[in-house]
Amino acid sequence: MSFISDLANSVIKTEDITKEDALKLACSSDLEELLKNADKIRKHFCKNNFNLCSIINAKSGKCSENCKYCAQSAHFKTNSPNYSLLNNDIIFKEALKFEEKGVHRFSLVMSGKGVKDNSDELNRLEEIYKYLTKNSKIHLCGSFGIVSLETLKKLKNAGLKTYHHNLETSRRFFPRICSTHTYDDRINTIKNAKLAGLDVCSGAIFGMGESLEDRIDLAFDLKKLNVSSVPLNILTPIKGTPLENLSPLPKDEILKSIAIFRFILPKAYLRYAGGRNNLGEFVEAGLKGGINSALTGDFLTTKGDGVENDKNMVLKNGFEI
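Residues numbered from 1 in each chain as written. Predicted model: local features only at pLDDT ≥ 70, side-chain atom pairs only at ≥ 80, totals over all residues. Heavy atoms only, no water.

Engineer: Can you walk me through helix H9 (residues 251–264) in this structure?
Structural biologist: At 3.6 residues per turn, the α-helix brings residues three or four places apart onto the same side. With 14 residues, H9 extends 20 Å from end C-alpha to end C-alpha; this agrees with the ideal 20 Å at 1.5 Å per step. By the criterion of burial, H9 is predominantly enclosed, with 11 of the 14 residues buried. (Helix = DSSP H or I, 4+ residues; strand = E, 2+ residues; numbered from the N terminus. Expected span 1.5 Å × (residues − 1). Buried < 20%, exposed > 50% of the residue type's maximum accessible area, 1.4 Å probe, protein only.)

Engineer: Is there a simple way to explain the UniProt feature "domain: Radical SAM core" (unreviewed entry) in the protein chain in this structure?
Structural biologist: Under the feature "domain: Radical SAM core" (unreviewed entry), the UniProt entry names residues 45–276. From the first C-alpha to the last, residues 45–276 spans 24 Å; its make-up is 35% helix and 17% strand. (UniProt positions renumbered as here; feature names shortened; annotations may be inferred.)

Engineer: Even after reading the chapter, I still don't get the side chain of Asn317, so can you show me in this structure?
Structural biologist: Counting through the fold element by element, Asn317 comes out in the segment after helix H11 (307–316). Judged by its relative accessible area of 16%, Asn317 is buried. With sequence-adjacent residues up to four places away left out, Asn317 is seen in contact with Glu284, Leu287 and Lys288. (Contact = heavy atoms within 4.5 Å.)

Engineer: Mind showing me how you'd approach the side chain of Arg105 here?
Structural biologist: Summarising the element assignment, Arg105 is placed in strand S2 (residues 105–110). Of the side chains bearing the opposite charge, Asp199 lies closest to the buried Arg105, which forms no salt bridge; the N-O distance is 5.6 Å. Filtering out sequence-adjacent residues up to four positions away, Arg105 remains in contact with Asn51, Leu52, Cys53, Ser54, Ile138, His139, Cys141, Thr162, Ser229, Tyr269 and Arg271. (Lys, Arg positive; Asp, Glu negative; His and termini not counted. Salt bridge = Lys/Arg side-chain N within 4 Å of Asp/Glu carboxyl O.)

Engineer: Please explain the environment of Leu167 as it appears in this structure.
Structural biologist: Among the structural elements, Leu167 can be located in the loop between strand S4 (162–164) and helix H7 (183–195). Taking the C-alpha atoms as reference, Leu167 lies 14 Å from Lys113; in sequence the two are 54 residues apart.

Engineer: What am I meant to see in unusual backbone geometry here?
Structural biologist: Most of the time, phi is negative for any residue but glycine, and the peptide bond is trans. For Lys62, which is not a glycine, the phi torsion comes out positive at approximately 55 degrees. By the secondary structure assignment, Lys62 is in the loop between strand S1 (51–59) and helix H4 (88–100).

Engineer: Would you mind going over the pattern of salt bridges with me for this structure?
Structural biologist: In a structure, side chains of opposite charge can pair up when their charged atoms sit close to one another. Applying the stated criterion to the full structure yields 18 salt bridges. Within this structure, Lys19, Arg172, Glu213, Asp214 and Asp217 form a network of salt bridges that share partners.

Engineer: Would you explain the nonpolar core in this entry?
Structural biologist: General note: in soluble globular proteins, nonpolar side chains tend to be found buried as a group. Within the largest apolar cluster, 94 residues are counted, with the highest numbers of intra-cluster contacts made by Leu108, Phe144, Phe261 and Phe263. Among the elements that make up this core, the one with the highest residue count is H9 (8 residues). If we skip the residues at most four places from it in the chain, Leu108 touches Ile56, Ala58, Ile91, Leu125, Ile128, Tyr129, Cys141, Gly142, Ser143 and Phe144. Core analysis: the next-biggest nonpolar cluster, separate from the first, contains 5 residues, Ile55, Val109, Ala273 and Leu295 among them. (Core = buried A, V, L, I, M, F, W, Y, C linked by side-chain atoms within 4.5 Å.)

Engineer: How do you make sense of the packing of H4 against helix H5 (residues 120–135) when you look at a structure like this?
Structural biologist: Two packed helices can be described by the angle between their axes and the distance between those axes. Interaxial distance between H4 and H5 falls to 11 Å at its minimum, and their mutual angle equals 35 degrees. Our pair here, H4 against H5, has a crossing hand that is right-handed. Across the interface between the two elements, Asn88, Ile91, Phe92, Ala95 and Leu96 of H4 pack against Arg124, Glu127, Ile128, Tyr131, Leu132 and Asn135 of H5. Taken together, the residues that form the contact of H4 with H5 break down as 7 nonpolar, 2 polar and 2 charged. (Axes fitted to C-alpha atoms, helices over the stretch in contact; angles between N-to-C directions. Left-handed = near helix turned anticlockwise from the far one by under 90°. Nonpolar A, V, L, I, M, F, W, Y, C, P; charged D, E, K, R; others polar.)

Structure follows, in structure tokens:
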């Protein structure tokens, strides 16, 4: 048996892999074997269940933070729309639309450093979550930046179930992407969400100039934080941002990164998110290499493939929705 299959069997026996193991996987030239064994791990721990989530860009643009990948940062000149928190009725209709289409989760996403304690925005969000809890059965998520434990407790009491807050990249690489807040600010927000009794969704953006080792370090940080849902974004360079001229990651490197995440995070929802179309015809290879969930519909500032197309692709590859 190969090192890859031996390691997969160890993971199935609930033995954690080491960083040294992960780096050895990264050096492997047998991508087919790596994907096959990542899929074996996924099937063992997660079966064939596939989770679909959706988002609404509930507040857009004019963000004070300087994350170099982001179209919504006020530091850069992009064509991203700018608007305050959407009307409640618009949000309600979107949530119910996705629920009717069989999507499992719905998340409000707001631009900005974070929702402030005792603010009008927080009051509005509490009202929205209470309404959706009463009038729908969809799993409710939210992404509101760096927020306090007090605010997260209020949102949980209103009906929020999962808080989304990406780490994006490794601690080592993060200062090259953002200088207006720290990696620890993000870590502490995730810890606050846990303390508030919320599930956490936190993941990565691949292709910002980081190394495969950076992605591996990020995966281990997510493991330490016991994150249950891990969205894997692939950078779509946006004109006007500092990363607009970056070359796309090779498709085999994206697939290798996904598979290694599955070895490190065997029980997590590994979730296709923004930019997955960078894989082109190899999108389905990711479904056979560790992916078992996806963001469907449109993304924050880019278009998706649509719920029905995604459902058809998932079902065709042997999953159950």
